[in-house]
Amino acid sequence: MLTEKLETLLNKQLNLELFSAYTYLAMGSYMDERSLDGFAHWMKLQAEEELQHAQKIYTYLSDLGAKVRFEALDRPKQEFDSILDVFQTALEHEKKLARELNEISSVASEERDNTTAGFLDWFLNEQVEEVAQTNTICDKLKLIGEDGQGILLLNNELRDRQREAMAEE
Ligand SMILES: [Fe+2]
Ligand SMILES: [Fe+2]
């Protein structure tokens, strides 16, 4: 049902989602090292979501009888200049994933695979949300600058982030 090209691209995406989870865990550890529990919490929830994205693709491939292929993951970045640098790196990463997903969606449309194009719609919308959320935090961090009190306030705000229910497919 899936073309070889889409199977390869979806597997690549699955591995990218796993790498994203790995990336956010590494970012979480940067925050934990600085006792920024709210920022760390946000990153760990983000990692969980990325793992769910990987699982969603796993299930899709598996349901279609396609092969799920795991690759070695790159070492995630753990050295950053500042908290803002962490979030700017996250923002660039999310934008890159949005571009990749858009590319796969275009291939699905070209191949008239409406099922896969429909499956990817959820991911495209999710990316819009993730880019927006990360962008908002970057903007707040730019306003705060070096102000310790502002950082602690944002830390408290991010501590309240709730686990989102997995959206229906
Ligand atoms: Fe993701
Ligand atoms: Fe993401």
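Look a little higher up for the structure.
Teacher, can you tell me more about the overall build of the protein chain here?
Each helix and strand counted, the protein chain has five helices and zero strands in total. Beginning at the N terminus, the succession of helices and strands in the protein chain can be written as α-α-α-α-α. Computed over the C-alpha atoms, the radius of gyration of the protein chain is 17 Å, within 12% of the 15 Å expected from 2.2 N^0.38 for a compact globule of 169 residues. By its C-alpha atoms, the protein chain is 55 × 25 × 25 Å across when sized along the principal axes. Here the protein chain holds 169 residues, and the buried ones make up 46% of them. In the protein chain, the share of contacts with a sequence separation of at least 24, taken over all contacts with a separation of at least 6, comes to 81%.

It is not clear to me how helix α1 (residues 4-33) should be interpreted in this structure. Could you clarify?
Structural remark: α-helix, 3.6 residues per turn; residues separated by three or four positions point the same way. Along its 30 residues, α1 runs 44 Å from first to last C-alpha, staying within 8% of the 44 Å computed at 1.5 Å per residue. Immediately beyond the C-terminal end of α1, within one or two residues, lies Ser35, with a positive phi of roughly 55°.

Whenever I open this one, the packing of aromatic side chains confuses me. Can you help?
Aromatic ring pairs: the centre-centre distance and the angle between the two ring planes describe each pair. As enumerated under the stated definition, the model contains seven aromatic pairs in all. Judged by centre distance (5.3 Å) and plane angle (55°), the ring pair of Trp42 and Phe87 falls under tilted. In this pair, Trp42 sits in helix α2 (residues 37-63) while Phe87 sits in helix α3 (residues 83-110), placing the two residues 45 residues apart along the sequence. For Phe87, a relative accessible area of 0% corresponds to the buried category. Taken together, the ring pairs in this structure connect Tyr60, Phe119, Trp122 and Phe123 into an aromatic cluster.

Mind showing me how you'd approach the packing of helix α4 (residues 114-144) against helix α5 (residues 148-159) here?
Viewed as axis vectors pointing N to C, α4 and α5 meet at an angle of 155°, and their least axial separation amounts to 9 Å. As far as their axial angle goes, α5 and α4 are roughly antiparallel. At the point where α4 passes α5, the crossing takes the right-handed sense. Where α4 approaches α5, its residues Ile137, Lys140, Leu141 and Ile144 are matched on the opposing element by Gly150, Ile151, Leu154, Glu157 and Leu158.

Cut-offs and rules
- Residue numbers run consecutively from 1 along every chain, following the written order of its sequence.
- To read the labels, note that chains go from A and ligands from 1, taken in the order they are written.
- Thresholds applied to this predicted model are a pLDDT of at least 70 for local features of residues and 80 or more for the giving and counting of side-chain atom pairs; totals over whole chains, interfaces and linings are not thresholded and use all residues.
- Hydrogens are left out, water is left out, and the side-chain values use all remaining heavy atoms of the structure.
- Working definition: helices are DSSP H or I runs of at least four residues, strands are E runs of at least two. Numbering for both runs from the N terminus.
- Taken over C-alpha atoms, the radius of gyration is set against a globule rule of 2.2 Å times the number of residues to the power 0.38.
- The buried label goes to any residue with under 20% of its type's maximum accessible area, the exposed label to any with over 50%, and the partly exposed label to all in between, with areas taken from a 1.4 Å probe on protein chains only.
- The contact rule is simple, with two residues in contact once any of their heavy atoms fall within 4.5 Å.
- What a helix should span is 1.5 Å times the count of its residues minus one.
- Only rings of Phe, Tyr and Trp enter the pairing, Trp through its six-membered ring, and a pair is recorded when the two centres are within 6.5 Å. The plane angle decides the type: under 30 degrees is stacked, over 60 is edge-to-face, the rest tilted.
- A fitted line through C-alpha atoms serves as each axis, taken over the contacting stretch for helices, and the angle formed by two N-to-C directions is quoted from 0 to 180°.
- In this scheme, roughly parallel covers angles under 35 degrees and roughly antiparallel covers those over 145, while 65 to 115 is roughly perpendicular and the rest are oblique.
- Less than a right angle of anticlockwise turn of the near helix away from the far helix marks a crossing as left-handed, whereas a clockwise turn marks it as right-handed.

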